[in-house]
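Here's the letter readout for the chains.
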Protein chains: 8
Amino acid sequence: MSKTWNVYLSGEIHSDWRERIKKGTQATSLDVEFLAPVTDHAKSDNCGVAILGAEDNNFWHDHKGAKINAIRTRILIESADIVVVRFGDKYRQWNAAFDAGFASALGKSIVTLHDPDLTHALKEVDAAAQAVCQTPEQVVEILKYVIQQD
Amino acid sequence: MSKTWNVYLSGEIHSDWRERIKKGTQATSLDVEFLAPVTDHAKSDNCGVAILGAEDNNFWHDHKGAKINAIRTRILIESADIVVVRFGDKYRQWNAAFDAGFASALGKSIVTLHDPDLTHALKEVDAAAQAVCQTPEQVVEILKYVIQQD
Amino acid sequence: MSKTWNVYLSGEIHSDWRERIKKGTQATSLDVEFLAPVTDHAKSDNCGVAILGAEDNNFWHDHKGAKINAIRTRILIESADIVVVRFGDKYRQWNAAFDAGFASALGKSIVTLHDPDLTHALKEVDAAAQAVCQTPEQVVEILKYVIQQD
Amino acid sequence: MSKTWNVYLSGEIHSDWRERIKKGTQATSLDVEFLAPVTDHAKSDNCGVAILGAEDNNFWHDHKGAKINAIRTRILIESADIVVVRFGDKYRQWNAAFDAGFASALGKSIVTLHDPDLTHALKEVDAAAQAVCQTPEQVVEILKYVIQQD
Amino acid sequence: MSKTWNVYLSGEIHSDWRERIKKGTQATSLDVEFLAPVTDHAKSDNCGVAILGAEDNNFWHDHKGAKINAIRTRILIESADIVVVRFGDKYRQWNAAFDAGFASALGKSIVTLHDPDLTHALKEVDAAAQAVCQTPEQVVEILKYVIQQD
Amino acid sequence: MSKTWNVYLSGEIHSDWRERIKKGTQATSLDVEFLAPVTDHAKSDNCGVAILGAEDNNFWHDHKGAKINAIRTRILIESADIVVVRFGDKYRQWNAAFDAGFASALGKSIVTLHDPDLTHALKEVDAAAQAVCQTPEQVVEILKYVIQQD
Amino acid sequence: MSKTWNVYLSGEIHSDWRERIKKGTQATSLDVEFLAPVTDHAKSDNCGVAILGAEDNNFWHDHKGAKINAIRTRILIESADIVVVRFGDKYRQWNAAFDAGFASALGKSIVTLHDPDLTHALKEVDAAAQAVCQTPEQVVEILKYVIQQD
Amino acid sequence: MSKTWNVYLSGEIHSDWRERIKKGTQATSLDVEFLAPVTDHAKSDNCGVAILGAEDNNFWHDHKGAKINAIRTRILIESADIVVVRFGDKYRQWNAAFDAGFASALGKSIVTLHDPDLTHALKEVDAAAQAVCQTPEQVVEILKYVIQQD
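In this report, we go over the structure that sits alongside the text. Please read all numbers here as calculations on a predicted model, not as lab measurements.

### Re the overall build of chain A
When you go through chain A residue by residue, the secondary structure sums to six helices and five strands. Helices (α) and strands (β) of chain A occur, in sequence order from the N terminus, as β-α-β-α-α-β-α-β-α-β-α. Computed over C-alpha atoms, the radius of gyration of chain A comes to 16 Å, within 12% of the 15 Å expected from 2.2 N^0.38 for 150 residues, which places it in the range of a compact globule. Put simply, chain A has 150 residues, and 62% of those count as buried. As displayed, chain A offers around 5,400 Å² of accessible surface, 44% of which is attributable to carbon and sulfur atoms.

### Considerations on the arrangement of the chains
Contact between chain D and chain F is absent, and the minimum C-alpha spacing across the pair is 20 Å. A gap remains between chain B and chain G, with no contact made and the closest C-alpha atoms lying 20 Å from each other.

### Observations regarding the relation of the copies chain D and chain C
For the pair chain D and chain C, the best superposition has an RMSD of 0.0 Å and corresponds to a rotation of 180° with a translation of 0.0 Å parallel to the axis. One copy is carried onto the other by what is essentially a two-fold rotation axis. Take the interface residues of chain D: 100% of them recur as interface residues in chain C, which is what a same-surface contact looks like.

### Here we look at the pairing of strand 2 (residues 32–35) of chain D
All names here are of chain D. The two faces of strand 2 match: Val32 and Phe34 on one face and Glu33 and Leu35 on the other face are all buried. Across four bridges, the pairing between strand 1 (residues 5–11) and strand 2 is parallel. Pairing of Asn6 across the sheet is with Glu33, part of strand 2.

### Description of the sheet that holds strand 3 (residues 82–86) of chain G
Residue and element names in this part refer to chain G. Taking strand neighbours across the sheet as the criterion, the five strands line up as 2-1-3-4-5 in an open arrangement whose pairing is parallel. Edge positions in the sheet fall to strand 2 (32–35) and strand 5 (131–133), since each of these pairs with one other strand and no more. On average, each strand axis in the sheet is tilted by 20° relative to the strand beside it, whichever way the strands run. Sheet analysis places strand 3 next to strand 4 (residues 109–113), joined by five bridges and oriented parallel. Residue pairing across strands places Val84 opposite Val111, the latter belonging to strand 4. Contacts from helix 1 (residues 17–26) reach strand 1 (5–11), strand 2, strand 3 and strand 4, with the element oriented near 160° to strand 1. The strands touched by helix 6 (residues 136–148) are strand 1, strand 2, strand 3, strand 4 and strand 5; relative to strand 5, the strand with the most contacts, the crossing angle is about 145°.

### Quick word on the environment of Leu113(D)
Residues and elements named next belong to chain D. Take Leu113: it is sitting in strand 4 (residues 109–113). Of the residues examined, Leu113 reaches a relative accessible area of 0% and is grouped as buried. Separated by 28 residues in sequence, Leu113 and Val85 place their C-alpha atoms 6.1 Å apart. Among residues more than four places away in sequence, those in contact with Leu113 are Trp17, Val85, Arg86, Phe87, Cys133, Gln134, Thr135, Pro136 and Val139.

### Brief notes about the sheet that holds strand 2 (residues 32–35) of chain A
With parallel pairing, the five strands of this open sheet are ordered in space as 2-1-3-4-5 (chain A). Of all the strands in the sheet, the pair left with one neighbour each is strand 2 and strand 5 (131–133) of chain A. Pairs of neighbouring strands in the sheet enclose a mean axial angle of 20°, with direction left out of account. Packed on one face of the sheet, helix 3 (residues 58–78) of chain D meets strand 1 (5–11), strand 3 (82–86), strand 4 (109–113) and strand 5 of chain A and runs near 145° to strand 4 of chain A.

### Concerning the relation of the copies chain D and chain A
Structural alignment of chain D on chain A gives an RMSD of 0.0 Å, achieved by rotating through 90° and translating 0.0 Å along the axis. What we have between these two chains is a four-fold relation. Taking the C-alpha atom as reference, chain D places Ser79(D) closest to the rotation axis, 8.9 Å from it.

### Notes on unusual backbone geometry
All names here are of chain C. Of note in the backbone geometry, Gln93 takes a positive phi value of approximately 55° without being a glycine. Tracing the chain through its elements places Gln93 in the loop between strand 3 (82–86) and helix 4 (94–105). A residue is classified by how much of its surface remains accessible, and Gln93, at 9% relative accessible area, is buried.

### Description of the interface of chain D and chain C
Across the contact, 32 residues belong to chain D and 32 residues belong to chain C. Of the roughly 3,100 Å² buried where chain D meets chain C, counting both sides, 70% is carbon and sulfur surface. Of all residues in chain D, Asp62(D), Trp94(D) and Phe98(D) bury the most surface against chain C, accounting for 24% of the area lost on that side. Scanning the region where chain D abuts chain C turns up two salt bridges. Asp45(C) is the partner of Lys123(D) in a salt bridge, and the nearest nitrogen-oxygen pair spans 3.4 Å. The interface formed by chain D and chain C holds eight residue pairs in polar contact (both at pLDDT 80 or more) in total. Counting residues per element, the side of chain D that touches chain C draws most heavily on helix 4 (residues 94–105) of chain D, which supplies nine residues. Its residues assigned to classes, the side of chain D that touches chain C shows 18 nonpolar, seven polar and seven charged.

### Describing the pairing of strand 1 of chain D
Residue and element names in this part refer to chain D. When you tally the buried positions in strand 1, you get seven out of seven residues, the bulk of the element. Inspection of the sheet shows strand 1 paired to strand 3 (residues 82–86) by five bridges, in the parallel sense. By the bridge assignment, Ser10 is partnered in strand 3 with Val85.

### What about the pattern of salt bridges?
According to the stated counting rule, one finds 56 salt bridges over all chains in the structure shown. For Glu12(B), the salt bridge is made with Arg86(B), and the minimal N-O distance between the two is 2.9 Å. Here Arg86(B) lies in strand 3 (residues 82–86) and Glu12(B) lies in the loop between strand 1 (5–11) and helix 1 (17–26), a separation of 74 residues in the sequence. For the pair Glu12(B) and Arg86(B), one class covers both residues: buried. Taken together, the salt bridges that share partners define one network made up of Asp45(A), Lys123(B) and Glu124(B).

### Overview of helix 2 (residues 41–52) of chain B
Of the positions making up helix 2 of chain B, those classed as buried are Ser44(B), Asp45(B), Cys47(B), Gly48(B), Val49(B), Ile51(B) and Leu52(B). For helix 2 of chain B, the secondary structure elements touched by its buried residues are helix 5 (123–127) of chain A, helix 3 (58–78) of chain B together with strand 5 (131–133) and helix 6 (136–148) of chain C. Near the N-terminus of helix 2 of chain B, the side chain that reaches the backbone nitrogen of Ala42(B), with its oxygen 3.3 Å away, is that of Asp40(B). Phi for Gly53(B), located one or two positions after helix 2 of chain B, is positive at around 110°.

### Structural notes on the interface of chain D and chain A
Each side of the interface is counted separately: chain D has 19 residues, and chain A has 25 residues. Taking both partners together, chain D and chain A bury about 1,900 Å²; carbon and sulfur atoms supply 58% of that area. Contact with chain A buries surface across chain D, with Ile51(D), Ile71(D) and Arg72(D) losing the most and accounting together for 30% of the total. Where chain D meets chain A, there are zero salt bridges.

### A short note on the packing of aromatic side chains
Evaluated as defined, the whole model comprises 28 aromatic pairs over all chains. An angle of 55° between the planes, with centres 4.9 Å apart, marks the rings of Trp94(A) and Phe87(B) as tilted. One end of the pair, Trp94(A), is in helix 4 (residues 94–105); the other, Phe87(B), is in the loop between strand 3 and helix 4 (94–105), on a second chain. Neither Trp94(A) nor Phe87(B) differs from the other in exposure class; each is buried.

### A few points about the packing of helix 3 (residues 58–78) of chain C against helix 3 (residues 58–78) of chain G
Relative orientation and spacing of two packed helices are given, respectively, by the angle between their axes and the distance between those axes. It is the contact of helix 3 of chain C with helix 3 of chain G, at a shortest axis distance of 13 Å, that shows an interaxial angle of 60°. Between helix 3 of chain C and helix 3 of chain G, the interaxial angle falls into the category oblique. The two elements helix 3 of chain C and helix 3 of chain G meet at a crossing, and its hand is left-handed. Taken together, the residues of helix 3 of chain G that come into contact with helix 3 of chain C (itself represented by Trp60(C), His63(C), Lys64(C) and Lys67(C)) are Trp60(G), His63(G), Lys64(G) and Lys67(G). In terms of residue class, the contact of helix 3 of chain C with helix 3 of chain G is made up of two nonpolar, two polar and four charged.

### A look at helix 1 (residues 17–26) of chain E
All names here are of chain E. Residues Trp17, Arg18, Ile21 and Thr25 constitute the buried set of helix 1. Buried residues along helix 1 cover an arc of 110° about the axis, so they all sit on one side. In helix 1, those exposed residues whose orientation departs by more than 90 degrees from the buried face are Lys23 and Gln26. Packing partners of the buried residues in helix 1 comprise strand 1 (5–11), strand 2 (32–35), strand 3 (82–86), strand 4 (109–113) and helix 6 (136–148).

### Things to note about the packing of helix 3 (residues 58–78) of chain E against helix 4 (residues 94–105) of chain E
All names here are of chain E. In the contact formed by helix 3 and helix 4, the axes pass within 10 Å of each other and the chain directions differ by 40°. Here helix 3 is positioned oblique relative to helix 4, judged by the angle of their axes. As helix 3 runs across helix 4, the sense of the crossing is right-handed. Of the residues in helix 4, those in contact with Arg74, Ile77 and Glu78 of helix 3 are Asp99, Phe102 and Ala103. Each residue belonging to the contact of helix 3 with helix 4 can be placed in one class, and the counts come to three nonpolar, no polar and three charged.

Cut-off values and rules
Residues numbered from 1 in each chain as written. Chains lettered and ligands numbered in written order. Predicted model: local features only at pLDDT ≥ 70, side-chain atom pairs only at ≥ 80, totals over all residues. Heavy atoms only, no water. Helix = DSSP H or I, 4+ residues; strand = E, 2+ residues; numbered from the N terminus. Rg over C-alpha atoms; globule rule 2.2 N^0.38 Å. Buried < 20%, exposed > 50% of the residue type's maximum accessible area, 1.4 Å probe, protein only. Areas by Shrake-Rupley, 256 points an atom, 1.4 Å probe, with all protein chains shown as cover. Contact = heavy atoms within 4.5 Å. Least-squares fit on C-alpha atoms with pLDDT ≥ 70 in both. Pairing = 2+ DSSP bridges. Axes fitted to C-alpha atoms, helices over the stretch in contact; angles between N-to-C directions. Buried area = accessible area lost by both parts, 1.4 Å probe. Salt bridge = Lys/Arg side-chain N within 4 Å of Asp/Glu carboxyl O. Polar contact = N/O pair within 3.5 Å; in protein donor to acceptor, adjacent residues only side chain to side chain. Nonpolar A, V, L, I, M, F, W, Y, C, P; charged D, E, K, R; others polar. Phe/Tyr/Trp six-rings, centres within 6.5 Å; stacked < 30°, edge-to-face > 60°. Parallel < 35°, antiparallel > 145°, perpendicular 65-115°, else oblique. Left-handed = near helix turned anticlockwise from the far one by under 90°. Arc of directions from axis to C-beta.

By themselves these figures say nothing about function.
As structure tokens, this is what we get:
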């Protein structure tokens, strides 16, 4: 099959889960393209004022940046076949849950990735997912299976 | 205007913000219908096993309940004109952020309601909102204004 | 809440499951409207030739009838909030599975109703459902819960 | 015309109908890409527990697998121009009828493939199809005709 | 069932077929609302210039009128559940075929109504229809059956 | 016909065109509901800061207000059958042209209302309209004709 | 610009208008792909029975063929950017008007091509078009202009 | 990432802002394709009569041209990921605001580009934008950031 599968990797930016998924699929011949938000935390937080000018008020500082980031995330999620959403153990990560809801309303296939101790808190997000993984390697296995029957 | 406005109140179920919004609009003649998820915490957590049978595994216990709850929330959000999303100071509230993302992809008008100290953590959600409120009374003012020019 | 919930009851027409669901909700004040296909087997099989003229060939006999029946089923499924799909122990019931797939692609909430011994054969249909019931009374409980928090 | 036609081959996995269709088109210069579900029966049944961990309960064993398989089938059906649905003489094949309903709601062109003795049982599915074939070779003829005017 | 069925009656305006359908359903308790284009031929032809000012050029005379008529027909077809399209023996009636194509792309259920000698010329339109009738009374029978199981 | 027609009146708020349209239809029995943006200029400009708190920066002052106003305009345009867009001789009125583009992408029927000396400047907007009027009375005539064949 | 423009050429199959359009664009570097229905009249009429078996009844003979042809036409119109619809002086050509209605509901840009003496009969179709041409060379000029600013 | 980003540049055609954006991105390896309306003012104004024949009436002169131009603009905006809308200091530029509304209803990411003295007049358009720029170089910075994290 010649189709390229677009897989958007949403959520946590403080561990190497994206790299582990990419590494896991490189050994294969999977025709997959990984998409992601801007993962440089400082850049992501400050892009609005860096490009469009400083703000005195924190709210507008954040607002300008978040709207620019949304250009990228919205377009890439809309072009994705599968959206993997990772929840880590730090921060509130409401953007990850927002992405999951956004993807769900678009009818995308969602795969979540988190530790079992988040099961109860994430039950609504997991209920919208096609698979709930605990390790990046499980995500790789799913991609290999659904793309290559492997 | 004879249109009934459907307003879905998503999020926190441990404070009286829904009641304050309803009370604030009762004094007016606003033609508004408030919709909400099941707000009884215990019932919401256990509806799956209570109706469809017990599960040994916590994951499936939560999963069965979350999927039944999603019947209600998805249908009501789809029928809403405006989705108000409240973030409180307890719990992770990923379901609220999920609802916001879901509503955003459907093109609904979103109003968020939270304290200023959550501004940075909620910047992606606020970026998708038409208004960011700090008090239920501000939500009431917005409803009065957009529905009745008042 | 003043919303009327439309619930389409798809599938088996040889047992009293529809009546049991209706009876179960009549004792309540649920604002629900039940929709269904034509459930008179003979009429349903022969409506095409009865209205539009006889056919020598069985294929066209069936085809004319099935297309007229599809007018009703398609319109009612599209207007439904929830689609309950019942699989019994007789016949192949491919139309029930077809309805489930149709409803799923439209983003409807699906509830299946069948005996546990059909679990393996129905796994793809159940995977698209928000709840899997074994008795009409469980369906009633779900409706009471999602509509009335009861 | 430089368009590649995507043709999804849904249904029966116990006869060689997919190979016969592929072989029939290889002799031609048809620009067609055939898509299919995972056709390894054992893998398909067990993918959920094999990747995400064992389940004591058969229902969840099946459920986890069916949801992962749905990632593939849903994405590929959505990307298809034509969906061919094959019904054989074994098993209940509710997944094939589900796929047909799903494809129909998306407005895909459906071609069914089955023996005449299934005509009555499949009348609702055939009523949603653009063509009803009895042999894989007829499917090949249709593809040659609609793609190449041949 | 409390649903009102909207039935749009498109096409020929020189015979009494609309009246025969309405009369046929009045004897019943069918909850049906009949919609139609403006059926006064002269008014329909001249509405553009009558309201918006005369045109020297016939093309613009027709164009202004046709665009105003399209306001009505497009809105009513979009709100219809069933679109009945009548082809008579006079005029070219391209607007009727246009309505049928428009309704088909919107996924409406189409019923055609014409004499058998138009079968070959109308084969593409009939191929998109759920039923092909020869008399208004057959249309009435279909409405009674699909709405009331009668 | 029992359908209520929703007609959104977009644009100029400094002349009495909305009142003239409403008066013109009151003499008739037209079942029409007129929708409109907030037409109190000062309120509309200041609603953001009045409800959500003052801003030092004019840009954010305007931004907060415009986003709240968009809740009303977007919801009402989406619920409209016909969108009348009025361009007067003062101000730049980019919001009116924005509304027209928004309505056009949603497939709404658009009627424009402006003096002939704006014809060249408004040619792209008029090209998306079903009718181009110069007086509110012409709009009334169109509504009477398309709703009541009058 | 690297976009390939898909242009579907619908309607009359008894004159050389398609060839004249293709020839007219070959001299240019337009990146355009022309799509069309099967234009072999006999093949088009008989494809149903030729592939799927003979029918005694003319209606089903035509029906089987028309449904197979619709696979091609529907898929290609859906993939088109521009739909050119040609009406000649022979036959009733209801399929051409049907295609125009279908394309219109999908929001495609429509260009009609016909002699001025058909203006009145085609006013509803022309009202849905972006341009009304009398010669294939005008269609070529439009393609050159909209694709290449030429 | 191998995705090509389509960026539509709408609005003002009398300054070099498009060239400055293109130049700014050429130094980078951004995989971006810029789309635009026909920017030759005279050609754009006269394309209708030049191709389809002269008109005595200015309204129809403009109308024929505007509808042909809409073929290009509508198709390109629909294929765009990002729509940049430029407002200059001359002309009324209602077409630019119309494009912005059209793009907004389609869910496109909008970036506006204008001087601060237009802030109040453009507040409704800016409220629908993800970013509000004052210089073409800021647009370039946004493209580099959202496409390349740069």
